[in-house]
Amino acid sequence: MRLVPVMETPRIEIDLSKIAHNVKKLTELCGSKGVSITAVTKGVCGDPKIARLFLKGGIEIIGDSRIANLKKMREAGFQNPFLLLRLPALNEVESVVKYSSISLNSEIDIIKELSKTALKNNVIHKIILMVELGDLREGIMPSDLEVIVKEVIHLEGIKLSGVGTSLACLGGVLPDERNMSQLSNIAQSIEDKFGITLEFVSSGNSSVYTWLESTEDVGKINNVRLGESLLLGGKDLECKGIPGLYYDAFTLVVEVLESKVKPSVPYGKISVDAFGNIPEFENRGQIRRVILGIGRQDILLSGLTPRLDIEILGASSDHLIADAKKTDLKPGDEVIFDVDYGAMLAAMTSPYVSKVYLD
Ligand SMILES: *Cc1c(COP(=O)(O)O)cnc(C)c1O
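Please read these numbers as outputs of a predicted model, since none were measured by experiment. Here the residue index of a chain counts from 1 through its sequence in written order. Given that this is a predicted model, residues contribute local features only at a pLDDT of at least 70 and side-chain atom pairs are listed and counted only at 80 or more, while totals for whole chains, interfaces and linings are drawn from all residues. Heavy atoms throughout the structure, all of them, feed into the side-chain values; hydrogens and water do not.

### Details of the site of the ligand
So, step 1. Taken together, 14 residues are adjacent to the ligand, and K42, S206, R225, G227 and E228 come closest.
So, step 2. What qualifies as a polar contact is a pair of N or O atoms within 3.5 Å, subject to a donor-acceptor requirement within protein and to the restriction that residues adjacent in sequence count only when both atoms come from side chains. A distance of 2.8 Å separates an oxygen atom of the ligand from a polar backbone atom of G227.
So, step 3. Coverage of the ligand by the protein amounts to 93% of the 390 Å² it exposes when considered alone.
So, step 4. Because more than half of its atoms lie within 2 Å of the grid, the ligand is assigned to the largest pocket. The rule for a residue being near a molecule or strand is that one of its heavy atoms must lie within 4 Å of it. Per-residue and other accessible areas follow the Shrake-Rupley method at a 1.4 Å probe size, with only the shown protein chains counted as cover for residues. Here the term cavity refers to a set of points on a 1 Å grid, laid over the protein atoms alone, in which a 1.4 Å probe fits but cannot get out; the term pocket refers to an open set having protein on both sides within 12 Å along at least five of seven lines, with lining residues being those that place an atom within 4 Å of a point. Molecule-in-pocket calls rest on the fraction of atoms, with more than half required to lie within 2 Å of the cavity or pocket grid points.

### Notes on the pairing of strand β8 (residues 200–204)
So, step 1. The classification of residues rests on relative accessible area computed with a 1.4 Å probe and restricted to protein chains. Under 20% of the type maximum is buried, over 50% is exposed, and intermediate values are partly exposed. Note on conventions: DSSP H or I runs of at least 4 residues are helices, E runs of at least 2 residues are strands, and numbering of each starts at the N terminus. With five of five residues buried, β8 is to be regarded as a mostly interior element.
So, step 2. Alternating positions in β8 separate into two faces, F200, S202 and G204 on one and V201 and S203 on the other, with burial throughout.
So, step 3. In short, DSSP must find at least two bridges between two strands for them to pair. For strand β7 (residues 158–166) and β8, the ladder comprises five bridges, and the chain directions are parallel. Bridge assignment links T165 to a residue of β8, and that residue is S203.
So, step 4. Where β8 and strand β9 (residues 223–226) come together, three bridges link them in parallel fashion. Directly across from G204, in β9, lies its bridge partner R225.
So, step 5. Call a crossover right-handed when, viewed with both strands pointing away from you, the route from the first strand across the helix to the second goes clockwise. With helix α8 (residues 208–214) bridging β8 and its parallel neighbour β9, the resulting β-α-β unit is right-handed.

### Brief notes about the packing of helix α6 (residues 145–152) against helix α7 (residues 177–194)
So, step 1. Interaxial distance between α6 and α7 falls to 11 Å at its minimum, and their mutual angle equals 45 degrees. By the angle between their directions, the pair α6 and α7 is classed as oblique. As for how α6 packs across α7, the hand of that crossing is right-handed. Of α7, the residues touching α6 (which contributes L145, E146, V149 and K150) are I186, I190, K193 and F194.
So, step 2. Amino acids outside the nonpolar list (Ala, Val, Leu, Ile, Met, Phe, Trp, Tyr, Cys, Pro) and the charged list (Asp, Glu, Lys, Arg) are all regarded as polar, and Gly is one of them. Here the residues of the contact of α6 with α7 sort into five nonpolar, no polar and three charged. To obtain an axis, a line is fitted to C-alpha atoms, over the contacting stretch when the element is a helix, and the angle between two such axes runs from 0 to 180 degrees between their N-to-C directions. Angular relationships are summarised with four words: roughly parallel below 35 degrees, roughly antiparallel beyond 145, roughly perpendicular across 65 to 115, and oblique for the angles in between. For a crossing to be left-handed, the near helix must be turned anticlockwise from the far one by less than a right angle; the clockwise case is right-handed. Any two residues having at least one pair of non-hydrogen atoms within 4.5 Å are treated as being in contact.

### Comments concerning a negative patch on the surface
So, step 1. A surface patch of negative charge is lined by D176, E177, E216 and D217.
So, step 2. Considering the arrangement of structural elements, one finds D176 in the loop between β7 and α7.
So, step 3. Given a relative accessible area of 32%, D176 falls into the partly exposed group. For patch detection, residues must exceed 30% relative accessible area and be free of salt bridges, and they are connected within 9 Å for like charges or within 5 Å for nonpolar side chains (Val, Leu, Ile, Met, Phe, Trp, Tyr). By definition, a salt bridge exists where a carboxyl oxygen of Asp or Glu is found within 4 Å of a side-chain nitrogen of Lys or Arg. Counting rule for charge: Lys and Arg are taken as positive, Asp and Glu as negative, and neither His nor the chain ends is counted. Taken as the charge location is NZ of Lys, CZ of Arg, CG of Asp or CD of Glu.

### Here we look at the sheet that holds β9
So, step 1. The eight strands are arranged β2-β3-β4-β5-β6-β7-β8-β9 in a closed barrel whose pairing can be described as parallel. Mean inter-strand twist for the sheet, computed between neighbouring axes without regard to direction, equals 30 degrees.
So, step 2. Inspection of the sheet shows strand β3 (residues 61–64) paired to strand β4 (residues 82–84) by three bridges, in the parallel sense. In the sheet register, D64 faces β4, and the bridge partner there is L84.
So, step 3. In the packing of helix α5 (residues 108–120) onto the sheet, contacts are made with β5 (102–105), β6 (125–130) and β7, and the angle to β6 comes to roughly 170 degrees.

### Brief notes about the packing of aromatic side chains
So, step 1. Here a Phe, Tyr or Trp ring, Trp counted by its six-membered ring, pairs with any other such ring whose centre lies within 6.5 Å, and the pair is stacked when the planes are under 30 degrees apart, edge-to-face when over 60, and tilted otherwise. Enumeration according to the criterion identifies zero aromatic pairs in this entry.
So, step 2. Put simply, a charge is over a ring when the Lys NZ or the Arg CZ is close to the ring centre, within 6 Å, and near the line of the ring normal, within 35 degrees. Directly above the ring of Y357 sits K49, whose terminal nitrogen or CZ lies 4.4 Å from the centroid.
So, step 3. When the ring centre of F275 is taken as origin, the NZ or CZ atom of R296, which lies over that ring, is 4.8 Å away.

### A short note on the pattern of salt bridges
So, step 1. Taken as a whole and assessed by the stated rule, the structure comprises 19 salt bridges.
So, step 2. Note that K193 is salt-bridged to E146, the shortest N-O span being 2.8 Å. Here K193 is found in helix α7, whereas its partner E146 is found in helix α6, with 47 residues between them in sequence.
So, step 3. With a relative accessible area of 53%, K193 lands in the exposed category.
So, step 4. Several salt bridges share partner residues, and in doing so they unite E282, R284, E311 and D323 into one network.

### Describing the pairing of strand β10 (residues 250–263)
So, step 1. Bridge count for strand β1 (residues 11–15) against β10 is four bridges, and the pairing is antiparallel. By the bridge assignment, I12 is partnered in β10 with L252.
So, step 2. Bridge count between β10 and strand β15 (residues 334–339): five bridges; the pairing is antiparallel. Bridging from a neighbouring strand, L252 pairs with F337 of β15.

### Looking at a nonpolar patch on the surface
So, step 1. A cluster of nonpolar side chains, contributed by I270, V272 and I278, occupies part of the molecular surface with about 300 Å² of accessible area.
So, step 2. Among the structural elements, V272 can be located in the loop between β10 and β11 (286–292).

### A few points about the domain arrangement of the chain
So, step 1. You can read the domains of the chain as domain 1 (33–239) and domain 2 (250–358).
So, step 2. Residue ranges assigned to the domains are those given by an automatic or database domain assignment. Taken over C-alpha atoms, the centre of domain 1 sits 37 Å from the centre of domain 2.
So, step 3. Summed over both partners, the accessible area (1.4 Å probe) lost when two parts come together is defined as the buried area. Counting the surface lost from both domain 1 and domain 2, the interface buries some 1000 Å², and carbon and sulfur atoms represent 68% of this.
So, step 4. The largest contributions to the domain 1 side of the interface with domain 2 come from G43, C45 and L232, which together make up 38% of the buried area.
So, step 5. The interface formed by domain 1 and domain 2 holds zero salt bridges in total.
So, step 6. Here domain 1 is connected to domain 2 by two residue pairs in polar contact (both at pLDDT 80 or more).
So, step 7. Of all the secondary structure elements, the ones that give two or more residues to the side of domain 1 that touches domain 2 are α2 (48–56) and α9 (228–232).
So, step 8. It is α9 that provides the largest number of residues to the side of domain 1 that touches domain 2, a total of three residues.
So, step 9. In terms of residue class, the side of domain 1 that touches domain 2 is built from five nonpolar, one polar and six charged.

Take a look at the structure:
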């Protein structure tokens, strides 16, 4: 069988130089528009090696949705400001204040708790108020914002540092001239009405690229929160990849466990599969079926694209089954897949997938 040195499978190979290239291109674009980047590490579980690339590329703030990831980076020695992306839960305000210096917020009761906790710990915690602009995930309705700002600016221990919005997260609403100028106007009117300066007027996520690249005037928007485009080059965006970026910094390598010619349709009395579904298979006659050593526990099936001409037929927890078509796959062979954001996230999260860094 294989004569080359054996590497563990499944593994996700991470090409750090490709990520560094994406960082360089996006910081140049954003820099030319006067906009800073908050680099989002949640897709890679707050991986310190990748986060370090972001800092080396000149990005100052790292954002993550999970406190555990921020903690991991802090413990790895990171000194930069951390932004907590997911709204803080009431039970975690202590660690929010401990592990992040800025958080995104929309609930006054939580902000009051953050204020008490920051005061107790003798720190100033920065708050960015999220505004709802149509995507219908987190955010205060614009008409309710002023009342909340009025309360927030009087709280001790916290500083109102900005306003922000999340788009293209739940509703698929794209950042465009209309909603971005709405955010600018909201920021301007808060500054005017309350006589304050907002450090951040922040938009996200990676789908902001299309607007940012084409707009003549970013208005007051001075920060964008990017994860996917830094890591995977924006391949999942409407624009199908940002020109000049790498889309393949992450590849998944899986090993063949079995390769046999068998029927394409199950035979016997059919009930349900391992996940309670009644499976359906197209009759292709006899085919070469390969079993690969990865499963639903480790990946998002729909997010895998094989580099070889094979077709994924299905997967259970630990086995992925593919039609090998005309390829000559045999046990011990490695099969390489490109991943989308969901598949990268799952592989990076799975303790069963080893992480290999290429430089
Ligand atoms: C995840 C997230 C981002 C980054 O999203 P990408 O699609 O990875 O660029 C930005 N802002 C918030 C609030 C997020 O949760």
